[in-house]
Amino acid sequence: AAPTTNATDTTTSDNFKSSSFTTRTLWTIVSSSVLTLLACIYSAIHSNIPSPKDSPNRVLRRRLGIMIMALIVPELIVTWAMRQWISARQVTSQFKKLGYPDSISLTQSKEKESESHEQDRCLLAVLAEATLAFLRHFPGTLASSVKRAVKVHFSEQSEDHTWTQTHSFFVLMGGFMLYVNREPYHTLQPDQLLDLIRAECIDTPTLTANQIYDRSKGNVISKGLVMLQVAWFVIQLITRSIYHLETTQLEVGTLAFAVLNFLTYAVWWNKPLDVRCSYPVHWKSTETRLKEHIKEPDSDERDELAPLGILAPIFSPILELIGWFTIPTCRKLRVPTFDGSTKLEYLDRMALSLAALLMATIFGGIHCMAWFFTFPTYLEQVLWRISAAAITCTPWLGVLTSLFLIVPNSPYAVGFSLYALYVIFYVVGRAILLVLMFTTLHNLPPDAYKTVSWISLVPHL
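For every chain, the first residue of the written sequence is number 1, and numbering continues from 1 along that sequence. Local features in a predicted model are, by the rule used here, given only for residues with pLDDT of at least 70; side-chain atom pairs are given and counted only at 80 or more, and totals for whole chains, interfaces and linings are based on all residues. The side-chain values count all of the structure's non-hydrogen atoms but skip hydrogen atoms and water molecules.

A. Geometry of helix α11 (residues 220-242). The end-to-end C-alpha distance of α11 is 32 Å, a good match for the 33 Å that 23 residues give at a rise of 1.5 Å each. Among the residues of α11, Lys223, Val226, Met227, Gln229, Val230, Trp232, Phe233, Val234, Gln236, Leu237, Thr239 and Arg240 are the ones counted as buried. For this analysis, residues touch if any pair of their heavy atoms sits within 4.5 Å. Helix and strand assignments come from DSSP, with helices taken as H or I runs of at least 4 residues and strands as E runs of at least 2, each series counted from the N terminus. In this structure, the buried residues of α11 make contact with α2 (26-43), α12 (249-267) and β5 (450-452). Residue His244 follows α11 closely and has a positive phi angle near 60 degrees. In a helix, the anticipated span is given by 1.5 Å times the number of residues less one. When accessible area is computed with a 1.4 Å probe and restricted to protein chains, residues below 20% of their type maximum are described as buried, those above 50% as exposed, and intermediate ones as partly exposed.

B. How the structure looks around the packing of α12 against helix α14 (residues 346-368). Only C-alpha atoms enter the line fits that serve as axes; for helices the fit covers just the stretch in contact. Angles between N-to-C directions range over 0 to 180 degrees. At a minimum axis distance of 8 Å, the contact between α12 and α14 shows a crossing angle of 155 degrees. For the element pair α12 / α14, the angle class is roughly antiparallel. α14 is crossed by α12, and the crossing has right-handed handedness. Contacts between α12 and α14 involve Val252, Gly253, Leu255, Ala256, Phe257, Val259, Leu260 and Leu263 from the former and Met359, Ile362, Phe363, Ile366 and His367 from the latter. Throughout this entry, Asp, Glu, Lys and Arg are counted as charged residues, while Ala, Val, Leu, Ile, Met, Phe, Trp, Tyr, Cys and Pro are counted as nonpolar. The remaining residues, Gly among them, count as polar. For the contact of α12 with α14, the per-class residue count stands at eleven nonpolar, two polar and no charged. Note that the term roughly parallel is reserved for angles under 35 degrees, roughly antiparallel for angles over 145, roughly perpendicular for angles of 65 to 115, and oblique for everything else. Should the near helix be turned anticlockwise from the far one by less than a right angle, the crossing is termed left-handed; should it be turned clockwise, right-handed.

C. Representation of the packing of α14 against helix α15 (residues 378-406) in the model. Remark: α14 packs on α15, axes separated minimally by 8 Å, with the N-to-C direction vectors making an angle of 165 degrees. Looking at the two axes, α14 sits roughly antiparallel to α15. In the packing of α14 onto α15, the handedness of the crossing is left-handed. Packed against α14, whose contacting residues are Leu357, Ala360, Thr361, Phe363, Gly364, Gly365, His367 and Cys368, the element α15 presents Trp384, Ala388, Ala389, Ile391, Thr392, Pro395, Trp396 and Val399 at the interface. Taken together, the residues that form the contact of α14 with α15 break down as eleven nonpolar, five polar and no charged.

D. Up close: the sheet that holds strand β4 (residues 279-282). Reading across from one edge, β3-β2-β4 is the order of the three strands in this open sheet, with mixed pairing throughout. This sheet does not close on itself; its edge strands, each paired only once, are β3 (183-187) and β4. Going across the sheet, the axis of each strand differs from the next one's by a mean of 45 degrees, ignoring polarity. Pairing of strand β2 (residues 176-180) with β3, which is carried by four bridges, proceeds in the antiparallel orientation. The partner of Leu178 across the bridge, within β3, is His186. Any two strands between which DSSP finds at least two bridges are classified as paired.

What follows is the structure, encoded as structure tokens:
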């Protein structure tokens, strides 16, 4: 008998292949990428608390500046987040070792003893009211009164004042403000907060983790929605790679931001978002002088970055975050954005430096994924390749230069000149890539408009 072909299976396979794809528009490509990009450079950034004297316009300008920096140097934002996470973990361990919950009970024992009699009288009054209600044959009133009394009595005692990592993030972002004569005086660092509590210059703050979350503008749902959008964007790019569909340069650039965004959200998950007001801590001591506990950096200490010259404003945030140098910063009424006042251990500094270098390499390497993509013109392809290679290799060149400067009697002028060139190469390369991400959209290949049909069923914004 002659062999027969399974026409039904062939038809079914063809129908499956034809129905597994659908078309998308240029607006869909741009809107999904821009929305994900905004989630990475706006919603993911957990800024420090502004000064009480900052105007709304100044807060907005500072926020826009951080967003621009997140566009140009996103690795710095990730390093900032990782630096705060390491510092928060260190502060949490320090407070727990010193028995911070016990210190609350010790400093407030007298207040609790004085209030215990008043609470007992309140409970007796409630019980008396419940008894009268029973005598008047109103069981419902009795039940509600007892329930209300028990709830109030135990809710006050169930407050957890344990120092958590949320507290550590809160104090590192300027959450505790020292007030003198009802006026804001200085933001308190963790060591300063402990020092003032021990000296009985201030009352122990009784701020719970729930009260800190109440000040935050973000919660699990809002952060989860942002992560959902970023995850959907990454999934749809993975499916395009599996089905061998063309991916645009805009999507590749957005993917690089999305990868770093996952790490930023992970380390900042317990940090309050967009808190505008600090928790007031009032000065009550009359025997101790303020300057014995609150010290500003001397002018001599501020000259440590003088050899950097005009490059000091560029490199000081990076060096301060990594913690290789003691760079004093003014914390009068606001913690600086890239604050590195908390001293890190040597291993933590090494881990942070290696992580920053790895993030920079990953970010540049993702742009190199578009090395063999289709470009509208040959010039755009060359510019993309040079820029992607520049932002990938520049951080490693900086490391090699720093090793060169460690050698005794090395010419610092040459090293600083090289650093200046690296900064120029990196900034120019980032700017070119940002421009090419959008200019390459004017002549896309046909496969770029195809998409997997089921990806639209995945929940996203």
